Amino acid sequence: MIDHDTLVAFSKSYGLFYLMAMAITVVAYTFWPSNKERFEEAAKSIIDDEDTPCR
Amino acid sequence: MISELTRGERRLALAVLTAVATFGLALAIAGRGDILAVHGGLIMASAVILMFFVIAGFYAPEPGEERLAQYYDTPTKAGVVLAMIWGVIGMGVGDWVAWLLVYPDMTFDAAWASFGRLRPVHTSGVIFGFGGNALIATSFHVLQRTSRARLPDQFSPWFVLVGYNLFCLIAASGYLLGITQSKEYAEPEWYADLWLVVVWVVYFSIYLRTLMRRQEPHIYVANWYYMAFILVVAILHIVNNLAVPISFGSAKSYSAFSGVQDAMTQWWYGHNAVAFFLTAGFLGMMYYYLPKRAGRPVFSYRMSILGFWGITFMYMWAGSHHLHYTALPQWVQTLGMTFSIMLIVPSWMAAANALLTLNGAWHKVRDDATLRFMMLAAVFYGLSTFEGSFMSIRAVNSLSHYTDWTVGHVHAGALGWVALITFGSIYAVVPWVWKRPAMYSNKLVEVHFWLSLAGTLVYVFAMWNSGIIQGLMWRTYNEGGTLAYSFIDSLVAMRPYYIARAIGGLLFVIGAVVGLYNVWMTIREASAERADAPDAPVVPALARSLQAGE
Ligand code: HEM
């Protein structure tokens, strides 16, 4: 039977690890060197888009 | 409008409207003898009126293939106008209830005019009517531009826009009639909630279908924020509104939750409504229109990504700061408080990113009131998130909770951040989609800007003062160890601040009216010009030069 204490123990331990894993993943994705160019391209691309779609 | 739909889409529109009208009729019949019948009738009448429109345009010539070489902006146009109209109504009712707090007798002995019924008309009117329509309108615009793809079809954006406004109408009229499930920012009853789920699923599907056809390799960050808004609002809405109606013929339902679980679910919903409705979507607006208007790419794209994941994951845990000193277990309160304090980091990332983007464009900020709206919004965003993190500390909250300080914080966020970024984005998008060089009057944009700033400052300072005085009066003891002030004493002390707040609010409403007028006149100019245009078809500029990276 799952009682309150079990749930609390689960969320306190699992919650900590999944949040840390998630933070590490996000930071790695953001600063991955090969992503740099893609990001800068994306930031620039909105400034000079024309006003018609490609499709 | 109808002439832009293909024949098949017109048929689909009629089929959907028939289904909605039938649903309304069923509600009206099942709910006869209950107040539900009014809403059944309202739904049916709305669907029938719209059917007339579709039938009137049914045999108009079909749109040609050349439409596919253009973005589909008519739903955006309609959404902008609806947002401005809801804005004037919602803010107007807000100022009305502000005066009601100054003159509590102003209810004409009518139930609908009581504070309890008018207040949700204000909150839903501004959050869902004004904010929601602005989010839908701008999201369609941004989505198409950043994906370089047209919306997937002509019918579904209209379904979302019209269906959403039907929801808003049911909500607002229901409050006046006394229909509410008394969950803050989630007051509409079960049938309205179900309808919103349908609308929202279609909304998300438009996003996915357009993104699947995108031409850009990377999904621009504004879309991430808009998608987080759509997806998370769906989750929040479904969970918090789980309820069982008394019967299919009754407007009343009972929540699936009770006691402290109910409170926690409600504030998990409530705070994430702040996070995903009032923040994420508007950050999407900011990350597109601000760099665009300033003519400079966002200062740090990486920071916008880090901020995105920070905001989406940390906000989820912050809701319990609304329940300090309640039956909620202490550790859950502390958890909420901790995450709220950490939230300052991704929040200030976004605010700083916006302001640093403007570095080097300050002369534009000085000259262009539209950009200044967005700049000031970023400042207020930084301010209200700092304040929020501060107020979530348990000891601070013991002073601020139940007082006007919370109201001051809300409006630093809602007026200073949400409304200002919206007005800035609307002033940027209106000339763009109506193909005008500028708004009808830049002077009026300037007037609107100063009215908004003055109104917000008066409002917020009044409530900060009032809230802290209130909080202190409630915790001052005399030598005998009993409270020094009665509740009535604190009410009397509030009165001057309530007058100031109502005046500040009035300035803000006048600004919104000026804005609506300006938008309206810009549209009129645009249609006058189209009438004068030479009698030749417009050739879409299909030939465009290829650019590096394509
Ligand atoms: C880091 C970001 C933020 C945090 C940590 C935060 C925290 C808080 C806290 C502690 C309260 C008072 C709760 C109480 O004592 O009952 C509150 C209320 C509120 N905040 Fe924020 N806030 C943040 C940002 C914002 C923003 C940007 C808005 C935009 C409008 C906003 C809108 C609201 C609203 C509407 C309420 C009133 C809720 C009610 O009805 O009681 N907040 N917030």
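Residues numbered from 1 in each chain as written. Chains lettered and ligands numbered in written order. Predicted model: local features only at pLDDT ≥ 70, side-chain atom pairs only at ≥ 80, totals over all residues. Heavy atoms only, no water.

The name that an unreviewed UniProt entry assigns to chain B is cytochrome-c oxidase, with the source organism given as Chelatococcus daeguensis. Among the UniProt annotations of chain B, the heading Pathway (unreviewed entry) holds the following wording: "Energy metabolism; oxidative phosphorylation." According to its UniProt record, chain B has this under Catalytic activity (unreviewed entry): "4 Fe(II)-[cytochrome c] + O2 + 8 H(+)(in) = 4 Fe(III)-[cytochrome c] + 2 H2O + 4 H(+)(out)". (UniProt positions renumbered as here; feature names shortened; annotations may be inferred.)

An unreviewed UniProt entry lists chain A under the name Cbb3-type cytochrome oxidase, subunit 3, from Chelatococcus sambhunathii.

**Topic: the site of the ligand**
Residues and elements named next belong to chain B. Close to the ligand lie 26 residues, the nearest being Glu184, Tyr185, Asn397, His401 and His409. Contacts to the ligand include histidine 409, whose side-chain N or O atom sits 2.9 Å from a nitrogen atom. Looking at the shell around the ligand, the elements with two or more residues in it are helix 8 (259-294), helix 13 (369-391) and helix 15 (404-433). Among the residues making up the shell around the ligand, the classes are represented as 9 nonpolar, 16 polar and 1 charged. (Near = heavy atom within 4 Å. Polar contact = N/O pair within 3.5 Å; in protein donor to acceptor, adjacent residues only side chain to side chain. Helix = DSSP H or I, 4+ residues; strand = E, 2+ residues; numbered from the N terminus. Nonpolar A, V, L, I, M, F, W, Y, C, P; charged D, E, K, R; others polar.)

**Observations concerning the side chain of glutamine 181 of chain B**
Residues and elements named next belong to chain B. With respect to the secondary-structure elements, glutamine 181 resides in the loop between helix 5 (155-177) and helix 6 (190-212). A polar contact of 2.5 Å, which involves the side chain of glutamine 181, links it to the side chain of asparagine 241. Residue contacts for glutamine 181: discarding those within four places in its chain leaves Ala186, Glu187, Pro188, Glu189, Asp193, Asn241 and Ser253. (Contact = heavy atoms within 4.5 Å.)

**Some words on the interface of chain A and chain B**
With 31 residues of chain A at the interface, the matching set in chain B holds 38 residues. Summing both sides of the interface, chain A and chain B together bury roughly 3,200 Å²; the carbon and sulfur share of this comes to 63%. If you look at where chain A meets chain B, you find 3 residue pairs in polar contact (both at pLDDT 80 or more). Of all the secondary structure elements, the ones that give two or more residues to the side of chain A that touches chain B are helix 1 (4-31) and helix 2 (36-45) of chain A. The residue makeup of the side of chain A that touches chain B, split by class, is 16 nonpolar, 5 polar and 10 charged. (Buried area = accessible area lost by both parts, 1.4 Å probe.)

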